[in-house]
Amino acid sequence: VWQKVPALDGEVPTGESGLLRKLSEIKTYSPFVTSYHSWLAQRPDALEYDDRVEWLKCILFFAEQDTDGDGVPDWTALIDGNPSRVLYPQDSDIDGDGTDNVLDPAPFNAKVKGRRAPIKLPAHVKDSRPEVAVLQATLFRKFGILAINHTDRHSPAVLRNLLLLLEHGFTSRLIRGLGGFRYIYAFAGHDARINIAAYHAVANAISIGGMQAYPADTRQLQLPIIATLAHEIGHAFLMHQISPGELKQVSENYGDWREVFTDPTELTLYSAAFFTPHPRRRLASIAPPDAKKSNLISGYAATNIHEWFADAFAAAALLRMGEARRLGQEWRERLVEVPSRSKDYWVNYNNLSDGLLSWIRNKLRPQI
Ligand SMILES: [Zn+2]
């Protein structure tokens with residue numbers, strides 16, 4: 001069933017540089033080669049030369065697989081901007097039958113299709129608990145988002161808060177059009193306090209804790225869940241709707257990030273500049289008013305531009321939620337967390353300036 005990318009038939013190179021050159025010729029693989037070089041520069045002793053060659057040969061074999069021949073390789077070895085030893089499906093419809101892998105009863109067989117655009121939640125995804133199944137169905141019907149049990153089962157508390165956020169923090173057209181966020185997985189590796197959730201760009205998915213982290217069902221607004229989900233959606237929005245040039249511009253204009261842009265080579269969203277800590281991060285953990293001036297929503301936002309933007313995006317959603325639900329001053333006060341010790345985590349969603357707020361709203365506007 002495997003079909004090779006036609007241009008790539010021929011000899012397999014034996015050395016590292018030859019393999020990398022061959023990989024860079026494959027459509028969508030040049031970011032892999034770039035990040036491989038910087039990975040190697042940072043950790044030259046991580047793998048012996050021979051092991052690296054074996055690894056690259058293996059990647060090349062899979063990189064050449066393109067089942068439906070659409071030019072998008074089935075697999076990628078670039079996960080969240082880093083070379084990975086685990087492959088991930090890159091073509092969201094590997095067999096090209098029009099049904100996304102996740103909805104396809106036979107993802108490698110073009111003759112077996114699922115429903116191209118199912119209106120109802122696919123049966124194999126549906127949870128056996130009625131209250132969760134209702135939430136899954138609502139998320140899917142209103143926003144086209146599939147909530148899938150992975151290494152844990154979804155908690156109704158999480159899904160209820162996700163629905164509140166999607167209904168009041170954004171317009172439904174924005175979320176429906178946001179290709180970077182299609183799935184939410186319940187993942188056993190997450191907890192409710194520190195490692196709350198993650199965004200997986202390649203999978204168009206957010207992972208978050210399930211029943212183990214959130215055992216109690218509640219109908220209450222739970223700010224940590226909502227704020228975290230809004231932050232992860234910010235990552236999805238950035239990866240899919242913002243160009244590297246725009247990101248540079250907005251971070252310079254509103255975040256005081258100018259000094260991180262030292263490398264004159266062309267920017268990608270995975271460039272080192274976007275993963276460099278804030279220039280003034282060390283100065284007293286950037287307490288206000290500096291934080292407000294740089295649109296730093298939290299201490300964590302100084303980690304790098306991606307986190308800075310995701311936090312600002314979350315702030316815009318949370319502020320809209322307060323307006324949309326007329327939660328008023330009480331809500332504004334809940335958006336601030338002041339730690340007892342100065343080095344602890346702090347957050348203030350009101351730190352978003354009017355300038356950046358209108359930049360984000362303008363950026364969202366075409367989709368409203
Ligand atoms: Zn983040």
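Summarised in this report is the structure supplied together with it. These figures come from a predicted structure and were not determined experimentally. (Residues numbered from 1 in each chain as written. Predicted model: local features only at pLDDT ≥ 70, side-chain atom pairs only at ≥ 80, totals over all residues. Heavy atoms only, no water.)

### Observations regarding the overall build of the protein
Counting its regular elements, the protein contains 12 helices and 8 strands. In terms of C-alpha radius of gyration, the protein reaches 22 Å, essentially the compact-globule figure of 21 Å for 368 residues. Taking the principal axes of the C-alpha coordinates as reference, the protein spans close to 65 × 50 × 40 Å. Across the protein, the fraction of contacts at a sequence separation of at least 24, relative to all contacts at a separation of at least 6, is 61%. As displayed, the protein has an accessible area near 18,300 Å², and 53% of this comes from carbon and sulfur atoms. Averaging the coordinates of the 41 positive side-chain charges in the protein and doing the same for the 43 negative ones gives two points 8 Å apart. (Helix = DSSP H or I, 4+ residues; strand = E, 2+ residues; numbered from the N terminus. Rg over C-alpha atoms; globule rule 2.2 N^0.38 Å. Contact = heavy atoms within 4.5 Å. Areas by Shrake-Rupley, 256 points an atom, 1.4 Å probe, with all protein chains shown as cover. Lys, Arg positive; Asp, Glu negative; His and termini not counted. Charge placed at Lys NZ, Arg CZ, Asp CG, Glu CD.)

### Re the pattern of salt bridges
Considering all chains together, one arrives at 11 salt bridges under this definition. K142 is paired through a salt bridge with E167; the nearest N and O atoms lie 2.6 Å apart. One end of the pair, K142, is in helix α4 (residues 130–143); the other, E167, is in helix α5 (residues 156–169), and 25 residues separate them in sequence. Look at K142 and you get partly exposed, because its relative accessible area is 36%. For K248, the salt bridge is made with E252, and the minimal N-O distance between the two is 3.3 Å. (Salt bridge = Lys/Arg side-chain N within 4 Å of Asp/Glu carboxyl O. Buried < 20%, exposed > 50% of the residue type's maximum accessible area, 1.4 Å probe, protein only.)

### Examining the coordination of the zinc ion
Taken together, the protein donors to the zinc ion comprise H231 (NE2), H235 (NE2) and E307 (OE), at separations of 2.0 to 2.2 Å. Each donor residue of the zinc ion lies on one chain, and together they are spaced H-x3-H-x71-E. Remark: E307 occurs in helix α10 (residues 305–324) and H235 occurs in helix α7 (residues 223–241); sequence separation between them is 72 residues. Here H235 and E307 have matching classes, each one buried. (Donors = N, O, S within 2.8 Å, 3.2 Å for Na, K, Ca; no water.)

### What to know about the packing of α5 against α10
In contact at an axis separation of 8 Å, α5 and α10 are set at 80 degrees when each is read in the N-to-C sense. If you check the angle between α5 and α10, you find them roughly perpendicular. Note on element contacts: α10 touches α5 through A317, R320, M321 and A324, opposite L164, L165, H168 and G169. Classifying every residue of the contact of α5 with α10 by side-chain character gives 5 nonpolar, 2 polar and 1 charged. (Axes fitted to C-alpha atoms, helices over the stretch in contact; angles between N-to-C directions. Parallel < 35°, antiparallel > 145°, perpendicular 65-115°, else oblique. Nonpolar A, V, L, I, M, F, W, Y, C, P; charged D, E, K, R; others polar.)

### Considering the nonpolar core
Counting residues in each nonpolar core, the largest one holds 75 residues, and the members touching the most others are L166, F181 and I233. The element contributing the most residues to this core is α10, with 12 residues. If we skip the residues at most four places from it in the chain, I233 touches L165, L166, F170, I175, L178, F181, I206 and F313. Counting residues in hydrophobic clusters, the runner-up holds 19 residues, among them W39, V53, L56 and I59. (Core = buried A, V, L, I, M, F, W, Y, C linked by side-chain atoms within 4.5 Å.)

### Quick look at the side chain of S35
Relative to the helices and strands, S35 is located in helix α2 (residues 30–42). You can call S35 buried: its relative accessible area is 10%.

### Points about the sheet that holds strand β5 (residues 197–200)
What the 4 strands build is an open sheet, ordered β3-β4-β6-β5; its pairing is mixed. Bordering the open sheet on either side are β3 (146–149) and β5, each of which pairs with just one other strand. Strand-to-strand twist in this sheet, taken as the mean axis angle between neighbours without regard to direction, amounts to 20 degrees. (Pairing = 2+ DSSP bridges.)

### Some words on the packing of aromatic side chains
Taken as a whole and assessed by the stated rule, the structure comprises 13 aromatic pairs. On the basis of an interplanar angle of 45 degrees and a centroid distance of 5.5 Å, the ring pair of Y36 and W39 is categorised as tilted. One end of the pair is Y36 and the other is W39, both in helix α2 and 3 residues apart, which spans about a single turn. Take Y36: its relative accessible area is 0%, and that puts it in the buried class. Measuring from ring centre to ring centre gives 5.7 Å for F170 and F313, while their planes differ by 25 degrees; the resulting arrangement is stacked. Within this pair, whereas F170 is found in the loop between α5 and α6 (172–177), its partner F313 is found in helix α10, the two being separated by 143 residues in sequence. Considered together, F170 and F313 belong to a single accessibility category, that of buried residues. Pairwise contacts between aromatic rings join Y29, F32, Y36, W39 and W55 into one cluster. (Phe/Tyr/Trp six-rings, centres within 6.5 Å; stacked < 30°, edge-to-face > 60°.)

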